[in-house]
Each structure stands twice: as structure tokens, then as C-alpha cells.
Amino acid sequence: MTKIYHLDSGPMRPYWPKITGVTYVLLVETNQGWLLVDSGFGTQDFSHPSFFMKWFLKLLRIPNDPSLCIVNQIGKFGLKTEDINHIVLTHLHLDHAGGLADFPKAQVHLNRRELDAAIKRRGLLGLGCLPYHWAHKPNWQLYEQTDTTWFGFPAIRLNGFTPEIMLIPTPGHTLGHCMVVIQTDSGWLLNCGDACYPFYLNESEQYVSPPQKLVQLILGNYQPKIAALLEKHGDEIEILTSHDPVTWAKNQ
Ligand SMILES: [Zn+2]
């Protein structure tokens, strides 16, 4: 049975817009040791935040609490820092790559295009990448597009993993953004990262559906394609997005 744990590295409760969100990190047991999908916030984000990080945490009202860092959460699963061998990243934004430095020996799997763009701080949302998150020179494993597909989506298979793990390139939110899909006992778990909503809940605990134009601008135009995928294969695919508090709560 594949073990997958759903962690929150940063609960978000901004005053405006008045919404609730999480900072999703998955902890997965594989044949090559434990693996994280995204890394949330790291210890240095709380001890020595950059100016941008400080304001990000403040605006989203993320608690200034180092126990939220994944390195401080894995103990409850009986794991130590050195048990995390792999980190797969959807993209390099500050709320996804913050924890990298807490696992300096882990292999970090990433779309090559994302690292190139982040180093040059390219693209609309390039400013959300903070170079101090990879100043320790991670052990990058960089990937390029192959002929593989997953339910019609172009996909990149990470070699040698059980369960099977794939990157699904979805440029838009960032230039090298990828969704991450993991094989489970009943089908697939699709982590959409920041390629689509649902994202947040409003005050009456309803999902907020942002205006389509805004979604396309900030996330790319993947919502209809993912909705069509779920309509056809919803019985074999479980879905989550990086800030979805409902799926997170269901898995606690
Ligand atoms: Zn992002």
C-alpha cells in the first residue's frame, strides 16, 4: 500500500480577500526512500526572512511558527531529515521551494525550464522566486520534455520510482510549472500545484471561484482541460491543488 501523507506548511488567512488556504506538501514513501512534493516554508523563512518573504507571510497571515516547517513535522511519522531522499517541485515560488535548504542532501527533481526561468527571474511571476532558497546548491535532477503522455497530457516520467511519479508540464503560472502525478492503490493522485483552483474558501466555507480572466492570467488555461479529465476519469483520479484546504482537511 502506497503511503502518502498530506501536510500543511503554512495556513493562510489573509484579511483581504477573506479566504482560507493551506500550503500543501505531500510526503510519499517510495522504493527510493521518502519523497516530498513541494517543500513549503523552511526554517530560514522564519528565522531570516527576506524582505519579500516577510511581507508575503504578513499579508497572508501565515503564523510565524517554525514548527510548520516540514523538517519539524516529519518527526511525527518517525522520520529524520536524512530520511527525505527526494523532493519533487511543481515550481520554484517562495511557498513551494522554501524548505529545500532544510534537506540539503535530497535530490531535487524539477523541470529544467523552471530553474532556468527562476535564475533569470523570467516571466510574470518571476519575482516570487527567492534565490536564497537554493543558495546551498541543491542536488538538482533536471528534466526535459519526452514523448510520454498521461491521459493525453504531455508527461515526464521520473525513472525508477515505485509508485510511479510523473511531471506534467503546465507552463503559465511560471514558465516551467509542472503538475505532479503519483500512482496510488486506487489510481492516481494529481497534485495540480498552482495550475488551477480550487484554492481557497470564503467566510461561509465555500470555494472561491475567481473570475476566469484572472485565473487564465495567473494560473494558465488548464481549468477546462482538468475538468474534462475528471469528468471522464474521476473514478481513478484524486485531485488537489497547492492551497486547497478541503482536500487537506479530508486527509488528516
Ligand atoms: Zn506559485
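Owing to the predicted nature of the structure, the values given are computational and were not obtained by experimental measurement.

### A few points about the overall build of the protein chain
Piece 1. Helix and strand content of the protein chain: seven helices and 13 strands.
Piece 2. At 17 Å, the protein chain has a C-alpha radius of gyration in line with the 18 Å of a compact globule built from 252 residues.
Piece 3. Structurally, the protein chain occupies a C-alpha span of about 45 × 40 × 40 Å along its principal axes.
Piece 4. Across the 252 residues that make up the protein chain, the buried fraction comes to 41%.
Piece 5. In the protein chain, 64% of the contacts between residues at least 6 apart in sequence involve partners at least 24 apart.

### A short note on the nonpolar core
Piece 1. Of all hydrophobic cores here, the largest spans 57 residues; its most connected members are I87, M179, V180 and V181.
Piece 2. Ranked by residues supplied to this core, first place goes to strand β11 (residues 178-184) with five residues.
Piece 3. Apart from residues no more than four positions distant in its own chain, V180 is found in contact with V37, V88, T90, I165, L167, N191 and G193.

### Side note on the pairing of strand β4 (residues 84-88)
Piece 1. Across the five residues that make up β4, a large majority, four, are buried.
Piece 2. Pairing analysis gives four bridges linking strand β3 (residues 33-37) to β4, with the strands arranged parallel. Bridged to W34 within β4 is I84.
Piece 3. Two strands pair when backbone bridges link them, and β4 and strand β5 (residues 107-111) are joined in this way by three bridges, in the parallel orientation. Within the sheet, the bridge partner assigned to I87 lies in β5 and is V108.

### As for the environment of L217
Piece 1. Here L217 shows up in helix α5 (residues 212-219).
Piece 2. Residue class for L217 comes out partly exposed when judged on the 14 C-beta atoms lying within 10 Å of it.
Piece 3. Considering only alpha carbons, one finds L217 and T90, 127 residues apart in sequence, at a separation of 18 Å.

### Focus: the pairing of strand β12 (residues 187-191)
Piece 1. Where β11 lies against β12, five bridges are found, and the strand directions are antiparallel. Bridging across to β12, Q183 finds its partner in W188.
Piece 2. Connecting the antiparallel pair β11 and β12 is a turn made up of two residues.
Piece 3. Alignment of β12 against strand β13 (residues 237-240), held across four bridges, turns out to be parallel. Bridge pairing links L189 to E238 in β13.

### Quick look at the environment of P138
Piece 1. Inspection of the secondary structure puts P138 in the loop between α4 (112-119) and β6 (139-143).
Piece 2. Between the alpha carbons of P138 and A228 there is a distance of 37 Å; along the sequence they are 90 residues apart.
Piece 3. Residues within four places of P138 in sequence aside, it is in contact with L100 and V108.

### A short note on the sheet that holds β11
Piece 1. Strand order in the open sheet made by the five strands is β9-β10-β11-β12-β13, with mixed pairing throughout. Both edges of this open sheet fall to β9 (156-157) and β13, since each of them pairs with a single strand only.

### A short note on the sheet that holds strand β1 (residues 4-8)
Piece 1. Pairing is mixed across the open sheet formed by six strands, whose spatial order is β1-β2-β3-β4-β5-β6. The open sheet is flanked by β1 and β6, the only strands paired with a single partner. Each strand of the sheet is rotated relative to its neighbour by a mean of 25°, with strand direction disregarded.

### Concerning unusual backbone geometry
Piece 1. The omega torsion of the bond from T162 to P163 falls at -5°, within 30 degrees of zero and hence cis.
Piece 2. Assignment of secondary structure puts P163 in the loop between β9 and β10 (165-169).
Piece 3. Phi at F151 takes a positive value of approximately 45°, unusual for a residue other than glycine.
Piece 4. In this structure F151 comes out as partly exposed when scored by C-beta crowding, with 16 C-beta atoms within 10 Å.

About the thresholds
- Residues numbered from 1 in each chain as written.
- Predicted model: local features only at pLDDT ≥ 70, side-chain atom pairs only at ≥ 80, totals over all residues.
- Helix = DSSP H or I, 4+ residues; strand = E, 2+ residues; numbered from the N terminus.
- Rg over C-alpha atoms; globule rule 2.2 N^0.38 Å.
- Buried ≥ 20, exposed ≤ 12 C-beta atoms within 10 Å, placed from the backbone.
- Contact = placed C-beta atoms within 7 Å.
- Core = buried A, V, L, I, M, F, W, Y, C linked by C-beta atoms within 7 Å.
- Pairing = 2+ DSSP bridges.
- Axes fitted to C-alpha atoms, helices over the stretch in contact; angles between N-to-C directions.

Any functional reading would require information that these geometric values do not contain.
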